[in-house]
Amino acid sequence: MLNDLDWPPLELCRKNKRLTSFFKAVNNESPVNIPEYVTPIIRHGTRSHSKSYIELRANHEQYKNSFLPRTIRDWNALPPDLVLSTSVDDFSLRLQKYTA
């Protein structure tokens, strides 16, 4: 039925919403601030972008799949041109194209 309606899977919609919320927080466009223990990567390698964050360690499966660890892992995997979008609308549009 989803194929007939051409709707993306719910898991993908949730992932895009998480990443959009994180984009807003990173760019100070959200009332929610990123906690101090979430630190940006200072040295960027060839596989990271300038807005990468150190992944949070998770000893338990519940925490591993919570918002911050999961979103940071997905955020760091995004291409640099997507992360460096100039607006939320631009980011959302590019993200939909990237994940489609």
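Residues numbered from 1 in each chain as written. Predicted model: local features only at pLDDT ≥ 70, side-chain atom pairs only at ≥ 80, totals over all residues. Heavy atoms only, no water.

## Digging into the overall build of the protein
Across its full length, the protein carries six helices and zero strands. Helices and strands appear in the protein in the N-to-C order α-α-α-α-α-α. Across its three principal axes, the protein shows a C-alpha extent of roughly 45 × 35 × 30 Å. Expressed as a percentage of the 100 residues in the protein, the buried residues total 27%. (Helix = DSSP H or I, 4+ residues; strand = E, 2+ residues; numbered from the N terminus. Buried < 20%, exposed > 50% of the residue type's maximum accessible area, 1.4 Å probe, protein only.)

## Details of the packing of helix α2 (residues 10-26) against helix α6 (residues 88-99)
Relative orientation of the contacting elements α2 and α6 amounts to 150°, with a least axis distance of 10 Å. Every pair of crossing elements has a handedness; the one defined by α2 and α6 is right-handed. Across from L12, N16, L19, T20, F23 and K24 in α2, the residues of α6 making contact are V88, F91, S92, L95, Q96 and T99. For the contact of α2 with α6, the per-class residue count stands at six nonpolar, five polar and one charged. (Axes fitted to C-alpha atoms, helices over the stretch in contact; angles between N-to-C directions. Left-handed = near helix turned anticlockwise from the far one by under 90°. Contact = heavy atoms within 4.5 Å. Nonpolar A, V, L, I, M, F, W, Y, C, P; charged D, E, K, R; others polar.)

## What about α6?
The terminal C-alpha atoms of α6, which comprises 12 residues, lie 16 Å apart, in line with the 16 Å expected from a rise of 1.5 Å per residue. Along α6, the residues classified as buried are V88, F91 and L95. All buried residues of α6 fall inside an arc of 60° around its axis, so they share one side. Turned more than 90 degrees off the buried face of α6, the exposed positions are D89 and K97. Elements in contact with the buried residues of α6: α2, α4 (67-76) and α5 (80-83). (Expected span 1.5 Å × (residues − 1). Arc of directions from axis to C-beta.)

## Observations concerning the side chain of T20
Turning to its location among the elements, T20 is positioned in helix α2. In this structure T20 touches V88, F91, S92 and L95, once residues within four positions along its chain are discounted.

## Concerning the nonpolar core
If you look at the biggest cluster of nonpolar residues, it comprises 16 residues, and the most contacted ones within it are F22, Y53, I72, W75, L78 and F91. Those elements giving two or more residues to this core turn out to be α2, α4, α5 and α6. In terms of residue count, the dominant contributor to this core is α2 (four residues). Excluding residues that lie within four positions of it along the chain, Y53 makes contacts with F22, V26, I34, V38, T39, P40, I41, I72, W75 and N76. (Core = buried A, V, L, I, M, F, W, Y, C linked by side-chain atoms within 4.5 Å.)

Geometry only, nothing functional implied.
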